[in-house]
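These are the residues of each chain, in order.
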Amino acid sequence: MARLLAWWALAPVLGACATYWPTLEGRSPTAAAAAYRCADSAASALGFAHTVGAERTRSFEARRYDERASNLLGMERRQFDVLSVELRPADTAATNLRVRAETVVRRITREGWVEEGAPASPGAQRAARELLARCAPGVTPGRSP
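Now for a quick tour of the structure. Just so it is clear, the model here is predicted, and its values are computed rather than measured.

Before going further, it helps to examine the overall build of the protein. A count of helical and extended segments in the protein gives four helices and seven strands. Along the protein, helices and strands appear, N-terminal first, in the series α-β-α-β-β-α-β-β-β-α-β. Counting the 145 residues in the protein, one finds 34% classified as buried. Here the protein has roughly 8800 Å² of accessible surface; of this, 56% comes from carbon and sulfur atoms.

A few words now on the state of the cysteines. Counting across every chain of the model gives one disulfide. A disulfide bridge connects C38 with C135, and the sulfur atoms are separated by 2.2 Å. Of note, the bridge from C38 to C135 carries an S-S torsion of about -100° and is left-handed in sense. Of this pair, C38 sits in helix α2 (residues 32-45) while C135 sits in helix α4 (residues 122-135); the two residues are 97 residues apart in sequence, bridging distant segments of the chain.

It is worth spelling out unusual backbone geometry at this point. Glycine aside, the phi torsion of most residues is negative, and most peptide linkages are trans. Phi is positive for R58, close to 55°, though the residue is something other than glycine. Relative to the assigned elements, R58 resides in the loop between β2 (49-54) and β3 (59-65).

On to the side chain of S121, then. Position of S121 relative to the elements: it lies in the loop between β6 (112-118) and α4. At 3.1 Å, the side chain of S121 and the backbone nitrogen of A124 are in polar contact. Excluding anything up to four places from it in sequence, S121 contacts Q79, D81 and T103.

What follows concerns the packing of aromatic side chains. Working definition: an aromatic ring pair is given by the centre-to-centre distance plus the angle between the planes. Using the criterion set out here, one finds three aromatic pairs in the structure. Note on Y36 and F60: the rings are 5.5 Å apart at their centroids and 80° apart in plane angle, and the pair reads as edge-to-face. In this pair, Y36 sits in helix α2 while F60 sits in strand β3, placing the two residues 24 residues apart along the sequence. Here Y36 and F60 have matching classes, each one buried. One Lys or Arg, R63, reaches over the ring of F80 and ends 5.7 Å from the middle of that ring.

Reading the values: rules and limits
- Residues numbered from 1 in each chain as written.
- Predicted model: local features only at pLDDT ≥ 70, side-chain atom pairs only at ≥ 80, totals over all residues.
- Heavy atoms only, no water.
- Helix = DSSP H or I, 4+ residues; strand = E, 2+ residues; numbered from the N terminus.
- Buried < 20%, exposed > 50% of the residue type's maximum accessible area, 1.4 Å probe, protein only.
- Areas by Shrake-Rupley, 256 points an atom, 1.4 Å probe, with all protein chains shown as cover.
- Disulfide = S-S within 2.5 Å.
- Polar contact = N/O pair within 3.5 Å; in protein donor to acceptor, adjacent residues only side chain to side chain.
- Contact = heavy atoms within 4.5 Å.
- Phe/Tyr/Trp six-rings, centres within 6.5 Å; stacked < 30°, edge-to-face > 60°.
- Lys NZ or Arg CZ within 6 Å of the ring centre and 35° of its normal.

Okay, here's the thing in structure tokens:
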């Protein structure tokens, strides 16, 4: 009985963590190099700046400053939407794309800027769906398990 009660107490916490930074998946009908270029240019068109990653690693991270949300947070905090993109060749002519929508809040401390994770903002989630719509046409983005 105690195990059952512990599970019921833990289940909402685990469920909340699963959607903290949702990951969407789609399949591009192009090879990995072309899919990477598409995802990178789509992120740029959505206002994201490439921060980490390279074509040879088939992954990258891009950030976009959210001025409206930052203004609501006050002078000591800044909010950024982040897209974390990973590409995996499915075969010679197709590529699987994974896009994770993230939100990061930077705050100033005596030691300098510190970043903290926050639940993915609606803007970050929309951007992830839009990136997949542009680079995996005709595919409904699905959540990863």
